[in-house]
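One letter stands for each residue in the lines below.
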Amino acid sequence: MSRRGGYNELQRWKERFVLLMKEHEPQDVWALDVSEALNPCPHGWYQYQQRRLFARFECSGCSKHWNSAWSSILFHIRFLGSWDQNQGQVKMWMFRQKCRRCTMARYEEPVFSEKALETILHNLAWKILEKSYGEAKRNPRPCDVEEVVEGPHDERNCEACQHGMCVETHTPWPKAKPTYPAPSMERKENFTRSASFAPSTEWERVFARPVSVTRPTEGEEWQQILAFLFVVIVCLLFLASYFR
Ligand SMILES: [Zn+2]
Ligand SMILES: [Zn+2]
């Protein structure tokens, strides 16, 4: 819970989203939370991503501030219907960026203004209403660029770019198969590009059968015993002929 700008910041997102869904679908219960890691879309969940969002960043190493109009948030959405009440769940992952001045920079969380938060959550609510409640499709509101953004997008220090998710790709609803790595036990801060693009090696290392250890079969064991006996008999015969 320490990530995403602290408890209050996260609480602001959660409460606003719950209220927004209550306005539209008062009979249903919706909840928003952050994802523990950048995971592929789980089975039975829908994937939705908002791009080109304006956010501010601050380096925890050198305190440098920068703005970006290329922030992005990934949402995984699940809708559970029952006989008396529908429930919905949203998990979000805010893509992070690194300071370009520090060589050992860590990924920093984006900070969104109140206005950007409203835009993003409205777009999210509209998408849910369209996909889960069959309401008419609405064009997403663009996110305002609130301050000067210097230079082109810094792709090398953008988490979404590193996973090939900064640019628009056409992913079908609901079974989006993202191209970024499989879930890992590693914390995201430690992710390197080479590690994240080798999704199944960890699994294979743990569960694959070792190939270097070869156990002799029963027939091979017998052959070894017979060869040993043959050598012993030859030696005995040799000794016997010597002492005759
Ligand atoms: Zn820095
Ligand atoms: Zn990017």
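Every chain is numbered on its own, with residues counted from 1 as its sequence reads. Ligands are numbered from 1 and chains lettered from A, in the order in which they are written. Per-residue local features of the predicted model are confined to residues with pLDDT of at least 70, and side-chain atom pairs are confined, for both listing and counting, to 80 or more; whole-chain, interface and lining totals are unaffected and use all residues. Hydrogen atoms and water are omitted, and side-chain values are computed over all heavy atoms in the structure.

A. Here's a closer look at empty space enclosed by the protein. Cavity means a closed set of points on a 1 Å grid over the protein atoms alone, one where a 1.4 Å probe fits but cannot get out, pocket means an open set with protein on both sides within 12 Å along at least 5 of 7 lines, and lining means a residue has an atom within 4 Å of a point. Grid points are joined across faces, edges and corners, and a volume is the space filled by probe spheres set on the points. Summed over the entire model, instances satisfying the criterion amount to one cavity of 30 Å³ or more. Taken as a whole, the largest cavity holds about 30 Å³ of empty space. Contributing to the lining of the largest cavity are F57, W70, S71, S72, F95, R96, Q97, C158 and A160. Runs of H or I in DSSP of at least four residues are treated as helices and runs of E of at least two as strands, each being numbered from the N terminus. At three residues, strand β3 (residues 65–80) tops the list of elements feeding residues into the lining of the largest cavity. As a working rule, the residues Ala, Val, Leu, Ile, Met, Phe, Trp, Tyr, Cys and Pro are called nonpolar, Asp, Glu, Lys and Arg charged, and the rest polar, with Gly in that last group. Looking at side-chain class alone, the lining of the largest cavity contains five nonpolar, three polar and one charged residues.

B. Representation of the coordination of the zinc ion (ligand 2) within the structure. Note that water is not among the atoms used; donors are N, O and S atoms within 2.8 Å of the metal (3.2 Å for Na, K and Ca), so sites may look incomplete. For the zinc ion (ligand 2), the protein coordination sphere consists of H153 (NE2), C158 (SG), C161 (SG) and C166 (SG), at 2.0 to 2.3 Å. Key to geometry: four donors with every angle between 85 and 135 degrees are tetrahedral; four donors are square planar and six octahedral where opposite donors lie over 155 degrees apart and all remaining angles lie between 65 and 115; all other sites are irregular. Taken together, the four donor atoms coordinating the zinc ion (ligand 2) span angles of 103 to 116° at the metal, a pattern that classifies the geometry as tetrahedral. Donor residues for the zinc ion (ligand 2) sit on one chain with the sequence pattern H-x4-C-x2-C-x4-C. Note that H153 is positioned in the loop between α2 (114–133) and α3 (159–162) and C166 in the loop between α3 and α4 (193–196), a separation of 13 residues in sequence. H153 gets classed as buried once you look at its relative accessible area, which sits at 19%. Accessible area is worked out with a 1.4 Å probe on protein chains only. A residue is then buried under 20% of its type maximum, exposed over 50%, and partly exposed in between. With relative accessibility at 6%, the residue C166 sits in the buried group.

C. Focus on the coordination of the zinc ion (ligand 1). Looking at the zinc ion (ligand 1), the protein donor atoms are C59 (SG), C62 (SG), C99 (SG) and C102 (SG), and they sit 2.3 Å from it. Around the zinc ion (ligand 1), the four donor atoms are arranged such that angles at the metal cover 104 to 115°; this shape is classified as tetrahedral. The sequence pattern formed by the donor residues of the zinc ion (ligand 1) is C-x2-C-x36-C-x2-C. With C59 in the loop between β2 (46–58) and β3 and C102 in the loop between β4 (87–94) and α2, this pair connects stretches of sequence that are 43 residues apart. Accessibility expressed as a relative area gives 3% for C59, which makes it buried. For C102, a relative accessible area of 24% puts it in the partly exposed group.

D. Molecular detail of the pattern of salt bridges. By salt bridge we mean one thing: a side-chain nitrogen of Lys or Arg within 4 Å of a carboxyl oxygen of Asp or Glu. A complete count under the given rule lists eleven salt bridges for this structure. The shortest N-O distance in the salt bridge between D154 and R100 comes to 3.6 Å. Taken together, the positions of D154 in the loop between α2 and α3 and R100 in the loop between β4 and α2 put the pair 54 residues apart, joining distant regions of the chain. A salt bridge links K115 to D144, with the shortest nitrogen-to-oxygen separation between them at 2.5 Å. Of this pair, K115 sits in helix α2 while D144 sits in the loop between α2 and α3, placing them 29 residues apart in sequence. Relative accessible area serves as the criterion here: at 36%, D144 is assigned to the partly exposed category. When salt bridges with common partners are traced through the structure, they connect E9, R12 and E114 into a single cluster.

E. Highlighting the environment of W70. Inspection of the secondary structure assignment puts W70 in strand β3. Overall, the relative accessible area of 28% leaves W70 in the partly exposed class. Considering only alpha carbons, one finds W70 and E155, 85 residues apart in sequence, at a separation of 9.6 Å. Residues in contact with W70, not counting those within four places in the same chain, are R52, L53, Q97, H153 and C166. Whether two residues touch is decided by their heavy atoms; if any such pair falls within 4.5 Å, the residues are in contact.

F. Quick look at α2. Here, expected helix span is obtained from the residue count minus one, scaled by 1.5 Å. With 20 residues, α2 extends 27 Å from end C-alpha to end C-alpha; this agrees with the ideal 28 Å at 1.5 Å per step. Of all 20 residues in α2, 15 are buried; the element is thus mostly enclosed. Looking one or two residues beyond α2, the residue adopting positive phi is G134, at roughly 70°.

G. Inspection of the sheet that holds β2 at higher detail. Read from one edge to the other, the open sheet built from four strands follows the order β1-β4-β3-β2, with strand pairing classed as mixed. Each edge of the sheet is formed by a strand with only one pairing partner; in this case those strands are β1 (29–34) and β2. Between one strand and the next, the sheet's axes are offset by a mean angle of 25°, whatever the strand orientation. Both β2 and β3 contribute to a ladder of ten bridges, which runs antiparallel. Bridge pairing links L53 to S71 in β3. Each of β1, β3 and β4 touches helix α1 (residues 6–24); the most contacted strand, β1, lies at about 160° to it. Axes here mean lines fitted to C-alpha atoms, for a helix over just the part in contact, with angles spanning 0 to 180 degrees between N-to-C directions. Packed on one face of the sheet, α2 meets β1, β2, β3 and β4 and runs near 180° to β2. Being paired, for any two strands, means DSSP has found at least two bridges between them.

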